[in-house]
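Letter by letter, the chains look like this.
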Amino acid sequence: MSSLNHCIKFELDIKDENIVFKDYFYKMVQMKKHKIYEAELIQPACPYCGSLALLHNGHLVTNIRYLTANASLPVIIRLAKQRVKCRDCERWSMAQSELVNKYCSISNASKLKVLSALTEDRSMTSIARENNVSINPVQRVLGNCSHRFIDSYEYLPAHLAFDEFKGVDRQLHFICLDGDNHQVVQILRTRYKKTLLKYFGRFSPQARANVKTVTMDLNFYYQDIVIACFPNAQIVIDRFHMIQMLTRSFNSLRVQVMKTFDKRSRQYQLLKSPWKLYLKKFDELEKVHPRYNWHYKDCLTQAQVVTEGINTSTALENSYNLMQSFIQAVETGNTHELKSLINCQDQIGTLMHKTLLTFKHNLTAVLNGAALPYSNGCLEGFNRKIKQIERTAFGYSNFTNLLTRIRLEENLYKENILT
């Protein structure tokens, strides 16, 4: 073979011995400069009987889009495929190569590069522009990956985390993660109780008995699913959601107390402008260096502001002390202190009282959340990643495409995409 053929094959990283390159040149195609390689694909033997007695009958010329390092200079391989007839079995055939699939004009190397780009947080438009193809081939590559993620109903992790996220048409989709390695177990189209019972009911009794803990928020029917499907599992309420409910209850009470004062009064300004200080832990407030604030026309430290603000109402002061003690008990894992705080009889706000009743109704799960190290933090972080995927694509109208893109952008699959 000529040195030109070897040089072009080395440059394009093509190892098919049946492809012979003959020439290359530049050409304007649709007002854009392209680099054209002319090559012939030889049929060495009959694919049906293996005979070498072939009768050549012309070529089929196909323009194949090939990957390139310079997106402004697309590469096209003008491949002439031999059309032959076997003299022994008298069957017609056409030369085929691993460079490109049958009836396709985009090389397999370009498809692999598109697939690799789909594992990153990028839009399909930018991927298509980089590979000099339209969006439709990128969508086909994404669609062909959906069969890779086959569900197995023989194993469930020992620690699960349940939650939901907004996806197609702003519907809530169910998501389940492994609490240990933070890998996705399953993403379902809906979060309905009937759907979840049907899905987890497909697992074998041994797999469901392997589950030891299920971490969740205070969604009431998630607990029914755990009780019905996982006989050995403990329900764990996420610590973040417990503290969030308390802080929201306290914040609502602060606003109610604030509105009882005149807007020009000192008490109103102390409760309104520094509202973020009331939601911080008291130990983190500044207690040494006072600062002047023009709202209440005084020079006070952060601790003095909070202390004077909660002293305006007995219920507000009790609720604040309860919230601070609850946060500290959750952080230290003090379940005895947590239980006594939930059974508190002090004068507190109505919403705070309802929150404590909710905790009391789920007392075992709340105490498990403080005592055990598992939480929904990994799941909340993964939901944030899903939101970014949807934001990059300006939303998805097809749940299968969204699910495939989420799976492709998992770190585990990204590591094995090229193996």
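Please refer to the structure higher up on the page.
Cut-offs applied
Residues numbered from 1 in each chain as written. Predicted model: local features only at pLDDT ≥ 70, side-chain atom pairs only at ≥ 80, totals over all residues. Heavy atoms only, no water. Helix = DSSP H or I, 4+ residues; strand = E, 2+ residues; numbered from the N terminus. Buried < 20%, exposed > 50% of the residue type's maximum accessible area, 1.4 Å probe, protein only. Contact = heavy atoms within 4.5 Å. Areas by Shrake-Rupley, 256 points an atom, 1.4 Å probe, with all protein chains shown as cover. Lys, Arg positive; Asp, Glu negative; His and termini not counted. Charge placed at Lys NZ, Arg CZ, Asp CG, Glu CD. Core = buried A, V, L, I, M, F, W, Y, C linked by side-chain atoms within 4.5 Å. Salt bridge = Lys/Arg side-chain N within 4 Å of Asp/Glu carboxyl O. Axes fitted to C-alpha atoms, helices over the stretch in contact; angles between N-to-C directions. Parallel < 35°, antiparallel > 145°, perpendicular 65-115°, else oblique. Left-handed = near helix turned anticlockwise from the far one by under 90°. Nonpolar A, V, L, I, M, F, W, Y, C, P; charged D, E, K, R; others polar.

A. Quick peek at the overall build of the protein chain. Looking only at helices and strands, the protein chain features 18 helices and twelve strands. By its C-alpha atoms, the protein chain is 100 × 60 × 35 Å across when sized along the principal axes. Burial status across the protein chain gives 45% buried among its 419 residues. Taking the contacts inside the protein chain whose residues are at least 6 apart along the sequence as the reference set, 58% of them involve residues at least 24 apart. Entry remark: accessible area of the protein chain is about 22,900 Å², with carbon and sulfur atoms responsible for 51%. Computing the positive centroid from 55 side-chain charges and the negative centroid from 38, the protein chain places the two 7 Å apart.

B. Region of the structure containing the nonpolar core. Core analysis: the largest hydrophobic core is formed by 62 residues, its most contacted members being Phe162, Phe200, Val214, Phe230 and Phe326. Here this core takes eight residues from helix α12 (residues 314-332), the largest share from any one element. Counting 31 residues, the second-largest nonpolar core is a separate cluster that includes Leu41, Val75, Leu99 and Ile106.

C. Representation of the pattern of salt bridges in the model. Within the structure shown, the criterion is met by 13 salt bridges. For lysine 35, the salt bridge identified is with glutamate 11, shortest N-O distance 3.4 Å. Here the residue lysine 35 occupies a position in strand β2 (residues 33-41), and glutamate 11 occupies one in helix α1 (residues 3-12), the gap between them amounting to 24 residues. Here the salt bridges do not stand alone but share partners, grouping Lys113, Arg122 and Glu130 into one network.

D. The packing of α12 against helix α13 (residues 335-342), seen in detail. Put simply, α12 and α13 touch, their axes get as near as 9 Å, and they point 155 degrees apart. The angle between α12 and α13 places the two elements in the roughly antiparallel class. Taken as a pair, α12 and α13 cross one another with a handedness that is left-handed. Two secondary-structure elements touch here, α12 through Leu322, Ser325, Phe326, Ala329 and Val330 and α13 through Glu337, Leu338, Leu341 and Ile342. Per-class residue counts for the contact of α12 with α13 are seven nonpolar, one polar and one charged.

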